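# Notes for the structure review
Below, each chain spelled out in residue letters.
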Amino acid sequence: MAARSMLRSVWTSFAGLKVGATCPMVKVQQRIIVPQLPALTVQSRGIRQVVEKKDNKTTTIEGQILDVPAAPQPPNPTAKCPIYRWNLQHKYNYTDVLLLSQFIRSDGGLLPRKITGLCLEEHRKIAICVQMAHRAGLLPDHKPKLPEGHVPKRPKPQLNRYLTRWSIDSVKPIYKSGLKWSKRRMPVGDPALKDNVCYSVKPLYLKH
Amino acid sequence: MDGLQVGLQFLFTGLNPLQQILHCVLQWATFARSWFVIDARMQPPGKIATMCSVRLQGKHKPIYHAMSDCGDHVVVINTKQIAFSGNKWEQKVYSSHSGYPGGFKQVTAAQLHHKDPKAIVKLAVYGMLPRNLHRRTMMQRLHIFADDELPEDIQANLTEELPQPREIPRKLSEYTQEEIDAFPRLWTPPEDYKMK
(Lines give C-alpha, C1' and ligand atoms only; values in the text may rest on other atoms or scores of the structure.)
Protein backbone atom coordinates (compact mmCIF):
# COMPACT_ATOMS: atom_id res chain seq x y z
CA MET A 1 0.00 0.00 0.00
CA ALA A 2 2.96 2.30 0.76
CA ALA A 3 4.50 1.52 -2.61
CA ARG A 4 1.16 2.23 -4.26
CA SER A 5 0.83 5.60 -2.56
CA MET A 6 4.43 6.44 -3.50
CA LEU A 7 3.85 5.59 -7.15
CA ARG A 8 0.67 7.64 -7.00
CA SER A 9 2.54 10.67 -5.70
CA VAL A 10 5.04 10.26 -8.55
CA TRP A 11 2.12 10.24 -10.99
CA THR A 12 0.71 13.45 -9.56
CA SER A 13 4.09 15.17 -9.82
CA PHE A 14 4.33 14.09 -13.47
CA ALA A 15 0.80 15.31 -14.17
CA GLY A 16 1.83 18.76 -12.98
CA LEU A 17 4.48 19.06 -15.74
CA LYS A 18 2.08 19.31 -18.69
CA VAL A 19 4.75 18.64 -21.31
CA GLY A 20 3.69 17.00 -24.54
CA ALA A 21 6.55 14.51 -24.64
CA THR A 22 5.75 13.11 -21.23
CA CYS A 23 2.04 12.73 -21.92
CA PRO A 24 2.24 9.11 -23.15
CA MET A 25 4.45 8.44 -20.14
CA VAL A 26 1.83 9.83 -17.82
CA LYS A 27 -0.86 7.75 -19.50
CA VAL A 28 1.21 4.60 -19.20
CA GLN A 29 1.84 5.36 -15.59
CA GLN A 30 -1.86 5.93 -15.11
CA ARG A 31 -2.62 2.55 -16.58
CA ILE A 32 -0.13 0.84 -14.31
CA ILE A 33 -1.08 2.63 -11.15
CA VAL A 34 -4.82 2.75 -11.59
CA PRO A 35 -6.28 -0.73 -11.91
CA GLN A 36 -9.92 -1.01 -12.91
CA LEU A 37 -11.38 -2.56 -9.81
CA PRO A 38 -15.11 -2.74 -9.24
CA ALA A 39 -16.25 -0.29 -6.58
CA LEU A 40 -17.22 -3.03 -4.12
CA THR A 41 -13.87 -4.77 -3.76
CA VAL A 42 -11.91 -1.54 -3.17
CA GLN A 43 -10.93 -1.42 0.47
CA SER A 44 -10.55 2.28 1.03
CA ARG A 45 -9.17 3.54 4.30
CA GLY A 46 -10.25 7.04 3.27
CA ILE A 47 -9.72 9.44 0.41
CA ARG A 48 -6.25 10.95 0.77
CA GLN A 49 -4.86 14.24 -0.33
CA VAL A 50 -1.22 14.30 -1.48
CA VAL A 51 0.75 17.09 0.24
CA GLU A 52 4.34 17.97 -0.68
CA LYS A 53 6.59 19.76 1.81
CA LYS A 54 9.97 20.98 0.59
CA ASP A 55 12.78 21.77 3.04
CA ASN A 56 16.36 22.63 1.97
CA LYS A 57 17.29 19.21 0.73
CA THR A 58 14.51 16.91 1.84
CA THR A 59 11.02 16.73 0.33
CA THR A 60 8.36 14.94 2.34
CA ILE A 61 5.40 13.70 0.40
CA GLU A 62 2.52 12.77 2.65
CA GLY A 63 -0.91 11.38 2.01
CA GLN A 64 -3.20 13.14 4.48
CA ILE A 65 -6.48 11.40 5.15
CA LEU A 66 -9.42 13.69 4.51
CA ASP A 67 -12.33 13.56 6.92
CA VAL A 68 -15.20 12.27 4.82
CA PRO A 69 -18.54 12.06 6.70
CA ALA A 70 -19.70 8.46 6.93
CA ALA A 71 -22.46 7.70 4.43
CA PRO A 72 -25.67 6.20 5.90
CA GLN A 73 -25.70 2.41 5.86
CA PRO A 74 -27.95 0.82 3.21
CA PRO A 75 -30.70 -1.45 4.64
CA ASN A 76 -29.46 -4.48 2.68
CA PRO A 77 -25.67 -4.19 2.46
CA THR A 78 -25.04 -7.75 1.21
CA ALA A 79 -26.66 -7.24 -2.22
CA LYS A 80 -24.55 -6.61 -5.30
CA CYS A 81 -26.60 -3.96 -7.09
CA PRO A 82 -26.94 -0.52 -5.37
CA ILE A 83 -30.69 -0.51 -5.98
CA TYR A 84 -31.13 -3.87 -4.27
CA ARG A 85 -28.90 -2.66 -1.45
CA TRP A 86 -31.31 0.20 -0.75
CA ASN A 87 -34.44 -1.92 -1.45
CA LEU A 88 -35.59 0.39 -4.24
CA GLN A 89 -36.34 -2.33 -6.83
CA HIS A 90 -39.81 -1.94 -8.42
CA LYS A 91 -40.27 1.36 -6.60
CA TYR A 92 -38.80 4.04 -8.83
CA ASN A 93 -40.22 5.77 -11.87
CA TYR A 94 -39.23 8.41 -14.42
CA THR A 95 -40.28 11.14 -11.92
CA ASP A 96 -37.63 10.13 -9.33
CA VAL A 97 -35.07 12.53 -10.69
CA LEU A 98 -32.93 12.59 -7.53
CA LEU A 99 -32.28 8.87 -7.96
CA LEU A 100 -31.75 8.97 -11.71
CA SER A 101 -29.39 11.94 -11.59
CA GLN A 102 -26.88 9.84 -9.62
CA PHE A 103 -26.32 7.56 -12.60
CA ILE A 104 -25.99 10.13 -15.41
CA ARG A 105 -23.18 12.27 -16.80
CA SER A 106 -23.42 16.04 -17.10
CA ASP A 107 -24.48 15.77 -20.76
CA GLY A 108 -27.27 13.33 -19.97
CA GLY A 109 -25.66 10.01 -20.87
CA LEU A 110 -25.59 7.01 -18.52
CA LEU A 111 -22.44 6.00 -16.68
CA PRO A 112 -21.04 2.53 -17.51
CA ARG A 113 -22.33 -0.44 -15.57
CA LYS A 114 -18.86 -1.49 -14.48
CA ILE A 115 -18.43 1.80 -12.64
CA THR A 116 -21.87 2.13 -11.05
CA GLY A 117 -22.12 -1.58 -10.15
CA LEU A 118 -25.74 -1.99 -11.28
CA CYS A 119 -27.08 -5.35 -12.37
CA LEU A 120 -28.13 -5.68 -16.01
CA GLU A 121 -31.92 -5.42 -15.59
CA GLU A 122 -31.74 -2.41 -13.27
CA HIS A 123 -29.25 -0.72 -15.58
CA ARG A 124 -31.69 -1.12 -18.46
CA LYS A 125 -34.63 0.09 -16.36
CA ILE A 126 -32.68 3.14 -15.27
CA ALA A 127 -31.71 3.80 -18.89
CA ILE A 128 -35.39 3.70 -19.88
CA CYS A 129 -36.41 5.97 -16.98
CA VAL A 130 -33.64 8.47 -17.82
CA GLN A 131 -34.78 8.52 -21.45
CA MET A 132 -38.37 9.21 -20.38
CA ALA A 133 -37.22 11.89 -17.94
CA HIS A 134 -35.20 13.63 -20.68
CA ARG A 135 -38.18 13.60 -23.04
CA ALA A 136 -40.44 14.93 -20.26
CA GLY A 137 -38.00 17.78 -19.69
CA LEU A 138 -37.25 16.86 -16.07
CA LEU A 139 -33.46 17.11 -16.53
CA PRO A 140 -33.01 20.55 -18.06
CA ASP A 141 -29.35 20.99 -16.99
CA HIS A 142 -28.10 17.69 -18.43
CA LYS A 143 -28.27 18.63 -22.11
CA PRO A 144 -25.30 17.93 -24.43
CA LYS A 145 -23.09 20.94 -25.18
CA LEU A 146 -23.81 22.51 -28.55
CA PRO A 147 -20.91 24.10 -30.43
CA GLU A 148 -20.67 27.86 -29.88
CA GLY A 149 -22.67 30.04 -32.16
CA HIS A 150 -24.96 27.19 -33.22
CA VAL A 151 -28.37 28.46 -34.26
CA PRO A 152 -31.05 25.83 -34.94
CA LYS A 153 -32.58 26.18 -38.41
CA ARG A 154 -36.21 25.62 -37.44
CA PRO A 155 -37.52 26.47 -33.97
CA LYS A 156 -38.57 23.17 -32.37
CA PRO A 157 -42.18 22.99 -31.15
CA GLN A 158 -42.24 23.02 -27.33
CA LEU A 159 -44.73 20.23 -26.63
CA ASN A 160 -45.18 18.83 -23.12
CA ARG A 161 -45.03 15.05 -22.93
CA TYR A 162 -44.47 12.28 -20.39
CA LEU A 163 -43.99 8.47 -20.40
CA THR A 164 -42.72 8.58 -24.00
CA ARG A 165 -41.36 5.17 -24.96
CA TRP A 166 -40.08 5.90 -28.46
CA SER A 167 -37.87 8.73 -29.71
CA ILE A 168 -39.81 11.66 -31.16
CA ASP A 169 -38.46 11.52 -34.70
CA SER A 170 -38.77 7.76 -35.04
CA VAL A 171 -42.56 7.56 -34.55
CA LYS A 172 -45.01 7.67 -37.45
CA PRO A 173 -48.66 8.77 -37.21
CA ILE A 174 -51.33 6.08 -37.05
CA TYR A 175 -53.45 7.00 -40.07
CA LYS A 176 -55.59 3.85 -39.94
CA SER A 177 -56.28 3.10 -36.31
CA GLY A 178 -58.85 0.37 -36.95
CA LEU A 179 -62.20 -0.52 -35.43
CA LYS A 180 -62.97 -0.88 -31.73
CA TRP A 181 -62.22 -4.60 -31.56
CA SER A 182 -58.92 -4.33 -33.45
CA LYS A 183 -57.45 -0.91 -32.73
CA ARG A 184 -53.78 -0.14 -33.24
CA ARG A 185 -52.97 1.13 -29.76
CA MET A 186 -50.51 3.86 -28.82
CA PRO A 187 -47.84 2.62 -26.36
CA VAL A 188 -47.32 4.54 -23.12
CA GLY A 189 -44.58 3.90 -20.55
CA ASP A 190 -42.43 0.79 -20.86
CA PRO A 191 -43.04 -2.94 -20.19
CA ALA A 192 -39.75 -3.12 -18.27
CA LEU A 193 -41.44 -1.11 -15.49
CA LYS A 194 -44.49 -3.36 -15.44
CA ASP A 195 -43.60 -4.93 -12.09
CA ASN A 196 -43.51 -1.60 -10.28
CA VAL A 197 -45.52 -1.22 -7.09
CA CYS A 198 -48.98 0.12 -7.91
CA TYR A 199 -50.66 1.97 -5.05
CA SER A 200 -53.82 2.80 -6.98
CA VAL A 201 -56.77 0.47 -7.62
CA LYS A 202 -56.43 0.87 -11.41
CA PRO A 203 -53.64 -1.19 -12.99
CA LEU A 204 -50.89 0.41 -15.05
CA TYR A 205 -52.05 0.67 -18.68
CA LEU A 206 -49.29 0.37 -21.26
CA LYS A 207 -51.47 0.61 -24.38
CA HIS A 208 -53.77 3.60 -24.73
CA MET B 1 -87.45 37.43 -9.63
CA ASP B 2 -87.34 38.50 -5.95
CA GLY B 3 -88.43 36.48 -2.98
CA LEU B 4 -91.51 38.61 -2.24
CA GLN B 5 -93.10 37.96 -5.61
CA VAL B 6 -92.51 34.26 -5.26
CA GLY B 7 -93.72 34.43 -1.69
CA LEU B 8 -97.05 35.80 -2.88
CA GLN B 9 -97.58 32.63 -4.88
CA PHE B 10 -97.47 30.66 -1.66
CA LEU B 11 -100.15 32.86 0.02
CA PHE B 12 -102.66 30.10 0.44
CA THR B 13 -100.32 27.17 1.11
CA GLY B 14 -100.18 27.41 4.88
CA LEU B 15 -96.44 28.22 4.98
CA ASN B 16 -95.34 31.35 6.79
CA PRO B 17 -93.41 34.02 4.77
CA LEU B 18 -90.02 33.10 6.27
CA GLN B 19 -90.42 29.47 5.22
CA GLN B 20 -91.48 30.61 1.76
CA ILE B 21 -88.40 32.80 1.38
CA LEU B 22 -86.18 30.00 2.66
CA HIS B 23 -87.73 27.67 0.09
CA CYS B 24 -86.92 30.17 -2.66
CA VAL B 25 -83.35 30.53 -1.46
CA LEU B 26 -82.87 26.78 -1.35
CA GLN B 27 -84.42 26.39 -4.81
CA TRP B 28 -82.05 28.97 -6.23
CA ALA B 29 -79.07 27.41 -4.47
CA THR B 30 -79.73 23.91 -5.81
CA PHE B 31 -80.62 24.84 -9.39
CA ALA B 32 -78.12 27.67 -9.89
CA ARG B 33 -75.65 27.22 -12.70
CA SER B 34 -72.10 27.46 -11.34
CA TRP B 35 -68.90 28.25 -13.19
CA PHE B 36 -65.93 25.92 -12.79
CA VAL B 37 -62.35 26.63 -13.87
CA ILE B 38 -59.75 23.96 -14.71
CA ASP B 39 -56.05 24.62 -15.32
CA ALA B 40 -54.90 22.30 -18.11
CA ARG B 41 -51.16 23.00 -17.66
CA MET B 42 -49.12 19.74 -17.99
CA GLN B 43 -52.34 17.72 -17.88
CA PRO B 44 -53.54 14.99 -20.28
CA PRO B 45 -56.43 16.39 -22.37
CA GLY B 46 -58.50 13.20 -21.97
CA LYS B 47 -58.67 13.50 -18.19
CA ILE B 48 -59.51 17.21 -18.45
CA ALA B 49 -62.25 16.33 -20.93
CA THR B 50 -63.89 13.72 -18.65
CA MET B 51 -64.04 16.24 -15.80
CA CYS B 52 -65.53 18.84 -18.16
CA SER B 53 -68.13 16.49 -19.65
CA VAL B 54 -69.29 15.33 -16.20
CA ARG B 55 -69.89 18.91 -15.10
CA LEU B 56 -71.40 20.07 -18.39
CA GLN B 57 -74.04 17.36 -18.23
CA GLY B 58 -74.72 18.02 -14.55
CA LYS B 59 -73.86 14.46 -13.54
CA HIS B 60 -71.97 15.71 -10.49
CA LYS B 61 -75.27 16.83 -8.94
CA PRO B 62 -77.68 14.53 -7.03
CA ILE B 63 -80.58 16.35 -8.74
CA TYR B 64 -79.40 15.29 -12.21
CA HIS B 65 -81.93 14.49 -14.89
CA ALA B 66 -81.22 14.51 -18.62
CA MET B 67 -84.22 16.72 -19.40
CA SER B 68 -83.77 19.21 -16.57
CA ASP B 69 -80.89 21.24 -18.09
CA CYS B 70 -78.79 21.15 -14.92
CA GLY B 71 -75.36 21.47 -16.54
CA ASP B 72 -72.80 24.01 -15.36
CA HIS B 73 -70.31 26.23 -17.14
CA VAL B 74 -66.70 25.07 -17.36
CA VAL B 75 -63.72 27.28 -18.21
CA VAL B 76 -60.48 25.56 -19.29
CA ILE B 77 -57.30 27.66 -19.23
CA ASN B 78 -53.71 27.08 -20.41
CA THR B 79 -54.69 24.57 -23.09
CA LYS B 80 -51.54 25.55 -24.97
CA GLN B 81 -49.47 23.69 -22.33
CA ILE B 82 -51.35 20.43 -22.51
CA ALA B 83 -49.30 17.21 -22.10
CA PHE B 84 -49.91 13.96 -23.93
CA SER B 85 -48.55 10.68 -22.52
CA GLY B 86 -46.54 8.37 -24.74
CA ASN B 87 -45.87 9.40 -28.32
CA LYS B 88 -49.42 10.59 -28.94
CA TRP B 89 -48.27 13.97 -30.24
CA GLU B 90 -46.89 12.12 -33.27
CA GLN B 91 -49.15 9.07 -33.37
CA LYS B 92 -52.63 10.46 -32.68
CA VAL B 93 -54.36 11.48 -35.88
CA TYR B 94 -57.40 13.75 -36.17
CA SER B 95 -59.37 13.12 -39.36
CA SER B 96 -61.99 15.26 -41.05
CA HIS B 97 -63.80 15.34 -44.37
CA SER B 98 -65.04 18.52 -45.95
CA GLY B 99 -67.78 16.72 -47.89
CA TYR B 100 -66.20 17.40 -51.26
CA PRO B 101 -64.31 14.69 -53.19
CA GLY B 102 -60.66 14.65 -52.22
CA GLY B 103 -61.50 16.52 -49.04
CA PHE B 104 -60.26 13.92 -46.55
CA LYS B 105 -57.73 15.51 -44.23
CA GLN B 106 -55.64 13.70 -41.61
CA VAL B 107 -53.62 15.81 -39.21
CA THR B 108 -51.39 14.69 -36.32
CA ALA B 109 -52.06 16.06 -32.83
CA ALA B 110 -48.86 18.14 -32.96
CA GLN B 111 -49.87 19.81 -36.24
CA LEU B 112 -53.41 20.46 -35.03
CA HIS B 113 -52.15 21.93 -31.76
CA HIS B 114 -49.81 24.23 -33.67
CA LYS B 115 -52.66 25.40 -35.88
CA ASP B 116 -55.22 25.79 -33.07
CA PRO B 117 -54.22 25.17 -29.42
CA LYS B 118 -57.87 24.92 -28.30
CA ALA B 119 -58.94 22.25 -30.78
CA ILE B 120 -57.66 19.15 -28.99
CA VAL B 121 -59.54 19.83 -25.77
CA LYS B 122 -62.65 20.88 -27.69
CA LEU B 123 -62.71 17.69 -29.75
CA ALA B 124 -62.04 15.56 -26.69
CA VAL B 125 -64.97 17.06 -24.76
CA TYR B 126 -67.23 16.90 -27.83
CA GLY B 127 -66.54 13.19 -28.14
CA MET B 128 -67.32 12.53 -24.48
CA LEU B 129 -70.71 14.27 -24.36
CA PRO B 130 -73.87 12.26 -25.13
CA ARG B 131 -74.77 12.18 -28.80
CA ASN B 132 -78.03 14.14 -28.61
CA LEU B 133 -79.28 17.63 -29.31
CA HIS B 134 -78.16 18.86 -25.88
CA ARG B 135 -74.53 18.37 -26.93
CA ARG B 136 -74.35 21.66 -28.85
CA THR B 137 -75.80 23.66 -25.95
CA MET B 138 -73.37 21.99 -23.55
CA MET B 139 -70.47 22.88 -25.87
CA GLN B 140 -71.66 26.50 -25.82
CA ARG B 141 -71.28 26.41 -22.02
CA LEU B 142 -67.68 25.19 -22.34
CA HIS B 143 -65.16 28.06 -22.54
CA ILE B 144 -61.62 27.19 -23.61
CA PHE B 145 -58.68 29.59 -23.43
CA ALA B 146 -55.20 28.81 -24.74
CA ASP B 147 -53.43 30.87 -22.04
CA ASP B 148 -54.03 32.43 -18.62
CA GLU B 149 -55.90 35.56 -19.72
CA LEU B 150 -59.63 35.52 -19.12
CA PRO B 151 -62.15 38.22 -20.07
CA GLU B 152 -63.42 40.12 -17.03
CA ASP B 153 -67.04 39.02 -17.25
CA ILE B 154 -66.08 35.33 -17.19
CA GLN B 155 -63.60 35.94 -14.39
CA ALA B 156 -66.36 37.57 -12.36
CA ASN B 157 -68.58 34.51 -12.73
CA LEU B 158 -66.08 31.87 -11.60
CA THR B 159 -67.08 30.01 -8.44
CA GLU B 160 -64.84 26.97 -8.01
CA GLU B 161 -61.43 25.80 -9.22
CA LEU B 162 -61.21 22.06 -9.79
CA PRO B 163 -58.07 20.15 -8.72
CA GLN B 164 -55.76 18.96 -11.48
CA PRO B 165 -56.08 15.24 -12.31
CA ARG B 166 -52.36 14.58 -12.79
CA GLU B 167 -49.62 15.44 -10.32
CA ILE B 168 -47.00 17.51 -12.11
CA PRO B 169 -43.52 15.94 -11.54
CA ARG B 170 -40.78 18.25 -10.30
CA LYS B 171 -37.78 19.02 -12.45
CA LEU B 172 -34.28 18.52 -11.09
CA SER B 173 -33.74 22.30 -11.13
CA GLU B 174 -36.79 22.76 -8.86
CA TYR B 175 -35.33 20.72 -6.02
CA THR B 176 -33.52 22.70 -3.31
CA GLN B 177 -29.85 21.89 -2.61
CA GLU B 178 -30.85 20.60 0.87
CA GLU B 179 -33.26 18.08 -0.63
CA ILE B 180 -30.58 16.93 -3.08
CA ASP B 181 -28.08 16.54 -0.23
CA ALA B 182 -30.59 14.74 1.98
CA PHE B 183 -30.99 12.03 -0.67
CA PRO B 184 -28.34 9.34 0.07
CA ARG B 185 -25.69 8.41 -2.48
CA LEU B 186 -26.51 4.93 -3.69
CA TRP B 187 -23.02 4.05 -4.94
CA THR B 188 -19.52 5.36 -4.33
CA PRO B 189 -17.46 6.05 -7.43
CA PRO B 190 -13.92 4.59 -7.49
CA GLU B 191 -11.41 7.28 -6.53
CA ASP B 192 -9.58 7.12 -9.83
CA TYR B 193 -12.61 7.42 -12.10
CA LYS B 194 -12.85 10.68 -14.04
CA MET B 195 -16.39 11.71 -13.18
CA LYS B 196 -18.50 13.30 -15.86
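Residues numbered from 1 in each chain as written. Chains lettered and ligands numbered in written order. Predicted model: local features only at pLDDT ≥ 70, side-chain atom pairs only at ≥ 80, totals over all residues. Heavy atoms only, no water.

## Description of the overall build of chain A
Within chain A, the regular secondary structure consists of six helices and three strands. The helix and strand sequence of chain A, counted from the amino end, reads α-α-β-β-α-α-α-α-β. The buried share of chain A, taken over its 208 residues, is 28%. Per element, the accessible surface of chain A, about 15300 Å² overall, is 57% carbon and sulfur. (Helix = DSSP H or I, 4+ residues; strand = E, 2+ residues; numbered from the N terminus. Buried < 20%, exposed > 50% of the residue type's maximum accessible area, 1.4 Å probe, protein only. Areas by Shrake-Rupley, 256 points an atom, 1.4 Å probe, with all protein chains shown as cover.)

## Quick look at the interface of chain B and chain A
Contacts between the two partners involve 39 residues from chain B, matched on the other side by 51 residues from chain A. Carbon and sulfur atoms make up 63% of the surface buried where chain B meets chain A, a total of about 4200 Å² over both sides. For chain B, the biggest contributors to the area lost against chain A are Gln 91, Leu 186 and Trp 187 of chain B; these three give 19% of the whole. Linking chain B with chain A are one salt bridge. On the surface where chain B and chain A come into contact, there are 16 residue pairs in polar contact (both at pLDDT 80 or more). Of all the elements in the fold, those that place two or more residues in the side of chain B that touches chain A are strand 3 (83-85), helix 4 (88-91), strand 5 (104-108), helix 5 (109-115) and helix 9 (177-182) of chain B. Looking at side-chain class alone, the side of chain B that touches chain A contains 18 nonpolar, ten polar and eleven charged residues. (Contact = heavy atoms within 4.5 Å. Buried area = accessible area lost by both parts, 1.4 Å probe. Salt bridge = Lys/Arg side-chain N within 4 Å of Asp/Glu carboxyl O. Polar contact = N/O pair within 3.5 Å; in protein donor to acceptor, adjacent residues only side chain to side chain. Nonpolar A, V, L, I, M, F, W, Y, C, P; charged D, E, K, R; others polar.)

## Observations concerning empty space enclosed by the protein
Residues and elements named next belong to chain A. Summed over all chains, the structure comprises one cavity of 30 Å³ or more. Quantified by volume, the largest cavity comes out at close to 30 Å³. Along the walls of the largest cavity sit Ile 128, Gln 131, Met 132, Arg 135, Thr 164, Arg 165, Gly 189 and Asp 190, which together make up its complete lining. For the lining of the largest cavity, a count of residues per class yields two nonpolar, three polar and three charged. (1 Å grid on protein atoms, 1.4 Å probe; cavity = no way out; pocket = protein on both sides within 12 Å on 5 of 7 lines; lining within 4 Å. Points joined across faces, edges and corners; volume = space filled by probe spheres on them.)

## Considering the pattern of salt bridges
Residues and elements named next belong to chain B. A complete count under the given rule lists eight salt bridges over all chains for this structure. A salt bridge links Asp 69 to Arg 33; its shortest N-O distance comes to 3.3 Å. Separated by 36 residues along the polypeptide, Asp 69 in the loop between helix 3 (45-57) and strand 2 (73-77) and Arg 33 in the loop between helix 2 (17-31) and strand 1 (35-39) bring together distant segments of the chain. With a relative accessible area of 45%, Asp 69 lands in the partly exposed category. A salt bridge links Glu 179 to Arg 170; the shortest N-O distance between them is 2.9 Å. Accessibility expressed as a relative area gives 31% for Glu 179, which makes it partly exposed. Connected through shared salt-bridge partners, Arg 33, Asp 69 and Arg 141 make up one network.

## Description of the sheet that holds strand 2 of chain B
Residue and element names in this part refer to chain B. Spatially, four strands are ordered 6-2-1-7 in an open sheet, and the strand pairing comes out parallel. A strand with exactly one partner marks an edge of an open sheet, and here the two such strands are strand 6 (142-144) and strand 7 (160-161). Of the strand pairs in this sheet, strand 1 and strand 7 are connected by two bridges, and their pairing is parallel. Looking at the pairing, Phe 36 lines up with Glu 160 of strand 7. (Pairing = 2+ DSSP bridges.)

## Concerning the side chain of His 123 of chain A
Residue and element names in this part refer to chain A. With respect to the secondary-structure elements, His 123 resides in helix 6 (residues 120-136). His 123 gets classed as buried once you look at its relative accessible area, which sits at 18%. For His 123, the contacting residues outside a window of four places in its chain are Leu 110, Leu 111, Arg 113 and Leu 118.

## A short note on the packing of aromatic side chains
Here the structure, examined in full by the defined rule, presents two aromatic pairs over all chains. Consider the rings of Phe 103 of chain A and Trp 187 of chain B, whose centres lie 6.3 Å apart with planes at 10°: the pair is stacked. Placement of Phe 103 of chain A in the loop between helix 4 (97-100) and helix 5 (113-116) and of Trp 187 of chain B in the segment after helix 9 is noted, with the two residues assigned to different chains. Its relative accessible area of 2% is what places Trp 187 of chain B among the buried residues. Directly above the ring of Phe 36 of chain B sits Arg 55 of chain B, whose terminal nitrogen or CZ lies 5.7 Å from the centroid. The side chain of Arg 135 of chain B reaches across the aromatic face of Tyr 126 of chain B, ending 3.9 Å from its centre. (Phe/Tyr/Trp six-rings, centres within 6.5 Å; stacked < 30°, edge-to-face > 60°. Lys NZ or Arg CZ within 6 Å of the ring centre and 35° of its normal.)

## Digging into the pairing of strand 2 of chain B
Side-chain direction in a regular strand flips from residue to residue, so the side chains alternate between the two faces of the sheet. All names here are of chain B. Most of strand 2 sits out of view: five of its five residues are buried. In this structure, strand 1 lies alongside strand 2, joined through five bridges in parallel fashion. The partner of Phe 36 across the bridge, within strand 2, is Val 74. Crossover strand 1 to strand 2 through helix 3 is right-handed. When strand 2 meets strand 6, the two strands line up parallel, connected through three bridges. Across the sheet, the residue bridging to Val 76 is Ile 144, located in strand 6. (Right-handed = clockwise from strand over helix to strand, strands pointing away.)

## Describing the packing of helix 3 of chain B against helix 6 (residues 119-128) of chain B
Residue and element names in this part refer to chain B. One can describe the packing of helix 3 onto helix 6 by two numbers: an axis separation of 8 Å at closest approach and a directional angle of 50°. Taken together, the axis directions place helix 3 and helix 6 in an arrangement best described as oblique. Considering how the two elements wind past one another, helix 3 and helix 6 form a crossing that is right-handed. Contacts from Pro 45, Gly 46, Ala 49, Thr 50, Cys 52, Ser 53, Leu 56 and Gln 57 in helix 3 reach Ile 120, Val 121, Ala 124, Val 125 and Met 128 in helix 6. Its residues assigned to classes, the contact of helix 3 with helix 6 comprises nine nonpolar, four polar and no charged. (Axes fitted to C-alpha atoms, helices over the stretch in contact; angles between N-to-C directions. Parallel < 35°, antiparallel > 145°, perpendicular 65-115°, else oblique. Left-handed = near helix turned anticlockwise from the far one by under 90°.)

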